[in-house]
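# Structural features, examined
In case you want the letters, here they are:
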Amino acid sequence: MAAYLEHPARPTRLAGDEYLVFPDALNENATVWFAFEPDRWEGVLAVRITPDRARLVGVPLWTYGVNLGDVVEIVASAEGAPVAVRVVERSSNRTFRVVFQGTPPQEPDERWRDLVVDLEAKGCWFDVLRPDYLAISASVDQADAVEEYLHSRSEEGDFIYERSS
């Protein structure tokens, strides 16, 4: 049986004392579906730019090879839902995923907020699925610095991370 995993939250980032929503995510959005494992689908927020093209305005949590801002070719599934066929235009963003391990040091689990604060200066966008699992989008010019930071924190045992693209 197929599993459909949708995360309709809009990516945000910290700017001083307030959270900003990714500007294109404020528009009318659609969910574009990506097959990422046999019988598993991820729904990522997107904005249609033509009948057969959409720009991703969500950060993929499970799908590899796509990033916030990429333009994908879409077709309608048998049920009518838009399904991504291929990337037709790459953005200059890179995606990372972070999973916090162990019991959170406080309740509720606020470790993800500390990460958002630490990466504020790098202009990253975040999609938080749960307090212990989030996706991060970094511009290509900040991606190496973000990865260095994440690697350092993972070496300290704070979390595990991966660079997905």
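In what follows, the structure referred to is the one given above.
Heads up: these notes are all about the structure in this document. (Residues numbered from 1 in each chain as written. Predicted model: local features only at pLDDT ≥ 70, side-chain atom pairs only at ≥ 80, totals over all residues. Heavy atoms only, no water.)

### A short note on the packing of aromatic side chains
Applying the stated criterion across every chain, the model contains 5 aromatic pairs. Look at Y4 and W33: their rings are 5.8 Å apart centre to centre, the planes differ by 90°, and that puts the pair in the edge-to-face class. One end of the pair, Y4, is in strand β1 (residues 3-6); the other, W33, is in strand β4 (residues 30-37), and 29 residues separate them in sequence. Overall, Y4 belongs to the exposed group, its relative accessible area being 53%. Note on F22 and W125: the rings are 5.1 Å apart at their centroids and 85° apart in plane angle, and the pair reads as edge-to-face. A residue pair is termed long-range when its members are at least 10 positions apart, and F22 in the loop between β3 (18-21) and β4 and W125 in strand β10 (residues 125-130) qualify at 103 residues. Given a relative accessible area of 13%, F22 falls into the buried group. In textbook terms, an aromatic cluster arises when at least three aromatic residues are bridged by ring pairs, as seen for F36, W62 and Y133. (Phe/Tyr/Trp six-rings, centres within 6.5 Å; stacked < 30°, edge-to-face > 60°. Helix = DSSP H or I, 4+ residues; strand = E, 2+ residues; numbered from the N terminus. Buried < 20%, exposed > 50% of the residue type's maximum accessible area, 1.4 Å probe, protein only.)

### Considerations on the environment of E79
In this structure, E79 sits in the loop between β7 (71-76) and β8 (82-89). Residue E79 is classed as exposed on the basis of its relative accessible area of 71%.

### Some details on the pattern of salt bridges
A pair can form between side chains of opposite charge whenever their charged atoms are brought close. One pass over the structure, following the stated rule, counts 13 salt bridges. Residues participating in the shared-partner salt-bridge network are D118, R153 and D158. (Salt bridge = Lys/Arg side-chain N within 4 Å of Asp/Glu carboxyl O.)

### Focus on the environment of A78
Mapped onto the secondary structure, A78 falls in the loop between β7 and β8. The spatial distance from the C-alpha of A78 to the C-alpha of A135 is 30 Å, given a sequence separation of 57 residues.

### Some thoughts on the pairing of β3
As defined by bridge partners, strand β2 (residues 12-15) adjoins β3 across 4 bridges and the pair is classed as antiparallel. Along β3, the bridge assignment pairs L14 with Y19. With antiparallel pairing between neighbouring strands as the criterion, β2 and β3 make up a hairpin whose turn holds 2 residues, including G16 at a positive phi of roughly 70°. (Pairing = 2+ DSSP bridges.)

### Let's talk about helix α1 (residues 111-118)
Residues R111, W112, L115 and V116 constitute the buried set of α1. For α1, the arc enclosing every buried residue in end-on projection is 145°, short of the 170-degree limit, so these residues lie on one face. (Arc of directions from axis to C-beta.)

### Section: the nonpolar core
If you look at the biggest cluster of nonpolar residues, it comprises 17 residues, and the most contacted ones within it are V98, L115, L119, F126, L134, I136 and L150. If you list the elements that add at least two residues to this core, you get β9 (93-100), α1, β11 (133-139) and α2 (140-155). Among all residues touching I136, those that are not within four sequence positions of it are V59, R94, T95, F96, V98, L115, L119, C124, W125, F126 and L150. (Core = buried A, V, L, I, M, F, W, Y, C linked by side-chain atoms within 4.5 Å. Contact = heavy atoms within 4.5 Å.)

### Re the side chain of D127
The topology assignment puts D127 in strand β10. Among residues more than four places away in sequence, those in contact with D127 are H7, A9, V59, L61, L134 and A135.

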